[in-house]
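Structure at a glance
These are the residues of each chain, in order.
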Amino acid sequence: QVQLVESGGGLVEAGGSLRLSCVASGVGYTNFIMGWYRQAPGKQRELVATVSSGGTTRYGDSVEDRFSISRDNRKNSVSLQMSSLKPEDTGVYFCNVKRTGTPTFNYWGQGTQVTVSS
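Residue numbers restart at each chain and count upward from 1, following the sequence in its written direction. Local features in a predicted model are, by the rule used here, given only for residues with pLDDT of at least 70; side-chain atom pairs are given and counted only at 80 or more, and totals for whole chains, interfaces and linings are based on all residues. Computation of side-chain values covers all heavy atoms of the structure but excludes hydrogens and water.

1. Considerations on the overall build of the chain
Note the cut-off: A run of H or I in DSSP becomes a helix once it reaches four residues, and a run of E becomes a strand once it reaches two; helices and strands are each numbered from the N terminus. Each residue is assigned to one of three classes by its accessible area relative to the maximum for its type, calculated with a 1.4 Å probe on protein chains only: buried under 20%, partly exposed between the two thresholds, exposed over 50%. For this analysis, residues touch if any pair of their heavy atoms sits within 4.5 Å. Residue exposure ignores everything except the shown protein chains as possible cover, and the areas themselves are Shrake-Rupley values with a 1.4 Å probe. Only four residue types enter the tally: Lys and Arg on the positive side, Asp and Glu on the negative side, with His and both chain ends excluded. For charged residues, the charge sits on one atom: NZ in Lys, CZ in Arg, CG in Asp, CD in Glu.
Looking only at helices and strands, the chain has zero helices and eleven strands in total. The helix and strand sequence of the chain, counted from the amino end, reads β-β-β-β-β-β-β-β-β-β-β. Taken along the three principal axes of its C-alpha coordinates, the chain extends 45 × 25 × 20 Å. Burial status across the chain gives 40% buried among its 118 residues. Considering only contacts within the chain whose residues lie at least 6 apart along the sequence, 54% involve residues at least 24 apart. Carbon and sulfur atoms provide 44% of the accessible area of the chain, an area that totals close to 6500 Å². For the chain, the distance from the average position of its 12 positive side-chain charges to the average position of its 9 negative side-chain charges is 8 Å.

Encoded structure:
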């Protein structure tokens, strides 16, 4: 059974930094994508950043110059370093692991709240 344990959310002032971490257990495969998505109140869940097992990264347009995603394949962990935070970055951040090949899977963490005050 896959479990995703997230940590690192909290309250920060605009311009500040936070680091989110997620550890996945029970995945059973080495080739899968790890990443972060977020959901603000009243809005749809959106991409923040993803990283493949080979290190290929993808970022949402609004965070590309401020956030950095990294991954440790040995630990099945992914981290998101967030800098120059803005109030519009506020939301629940969800860790995600997915695999599009056979077998396909898509798992979500429970989410961690990030609040950026102005």
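Now, onward.
2. A look at the nonpolar core
Cut-off, in case you're wondering: For the purposes of this section, nonpolar cores are sets of buried Ala, Val, Leu, Ile, Met, Phe, Trp, Tyr and Cys residues that join through side-chain atoms within 4.5 Å.
Judged by nonpolar contacts, the single largest core of 28 residues is most densely connected at Trp36, Leu80, Met82 and Tyr93. It is strand 3 (residues 18-25) that contributes the most residues to this core, four residues altogether. Beyond its immediate chain neighbours, meaning those up to four positions away, tyrosine 93 contacts Glu6, Leu20, Trp36, Tyr37, Arg38, Val48, Phe67, Leu80, Met82, Gly111, Thr112 and Val114.

3. Observations concerning the side chain of aspartate 89
The following threshold applies: Identification of polar contacts relies on pairs of N or O atoms within 3.5 Å, with a donor-acceptor requirement for protein atoms, meaning one able to donate a hydrogen and the other able to accept it, and with residues adjacent in sequence counted only if both atoms are side-chain atoms.
Within the secondary structure, aspartate 89 is located in the loop between strand 8 (77-82) and strand 9 (91-99). Aspartate 89 gets classed as buried once you look at its relative accessible area, which sits at 1%. Here the side chain of aspartate 89 touches lysine 86 through a polar contact of 2.8 Å, landing on its backbone nitrogen. Beyond its immediate chain neighbours, meaning those up to four positions away, aspartate 89 contacts Arg38, Val63, Arg66, Phe67, Ser84, Val114 and Val116.

4. Regarding the pairing of strand 3
Formally: By definition, two strands form a pair when at least two bridges between them are found by DSSP.
Alternating positions in strand 3 separate cleanly, Leu18, Leu20, Cys22 and Ala24 being buried on one face and Arg19, Ser21, Val23 and Ser25 remaining unburied on the opposite face. As defined by bridge partners, strand 1 (residues 3-7) adjoins strand 3 across five bridges and the pair is classed as antiparallel. In the strand pairing of strand 3, leucine 4 is matched with alanine 24. With six bridges connecting them, strand 3 and strand 8 associate as antiparallel partners. Following the sheet pairing, leucine 18 is matched in strand 8 by methionine 82.

5. A short note on the packing of aromatic side chains
Rule in force here: Only centres within 6.5 Å qualify two rings of Phe, Tyr or Trp (six-membered ring in Trp) as a pair; their planes then separate them into stacked at under 30 degrees, edge-to-face at over 60, and tilted for everything else.
Applying the stated criterion across every chain yields a total of five aromatic pairs. With 5.2 Å between their ring centres and 70° between their planes, tyrosine 37 and tryptophan 108 make a pair best called edge-to-face. Of this pair, tyrosine 37 sits in strand 4 (residues 33-39) while tryptophan 108 sits in strand 10 (residues 105-108), and the two are 71 residues apart along the sequence. Relative accessible area serves as the criterion here: at 12%, tyrosine 37 is assigned to the buried category. Taking the centre distance of 6.4 Å and the plane angle of 90° together, the rings of phenylalanine 94 and tryptophan 108 count as edge-to-face. One end of the pair, phenylalanine 94, is in strand 9; the other, tryptophan 108, is in strand 10, and 14 residues separate them in sequence.

6. Notes on the state of the cysteines
Test applied: The definition used for a disulfide is geometric: two cysteine sulfur atoms within 2.5 Å.
One pass over the full model with this rule turns up one disulfide. Bridging cysteine 22 to cysteine 95, the disulfide has an S-S length of 2.1 Å. Across the S-S bond of cysteine 22 and cysteine 95 the torsion is about -85°, and the bridge reads as left-handed. On the criterion of sequence distance, the pair formed by cysteine 22 in strand 3 and cysteine 95 in strand 9 is long-range, its members being 73 residues apart. Exposure remark for cysteine 22: the relative accessible area of 1% places this residue in the buried category. Given the relative accessible area of 0%, cysteine 95 is considered buried.

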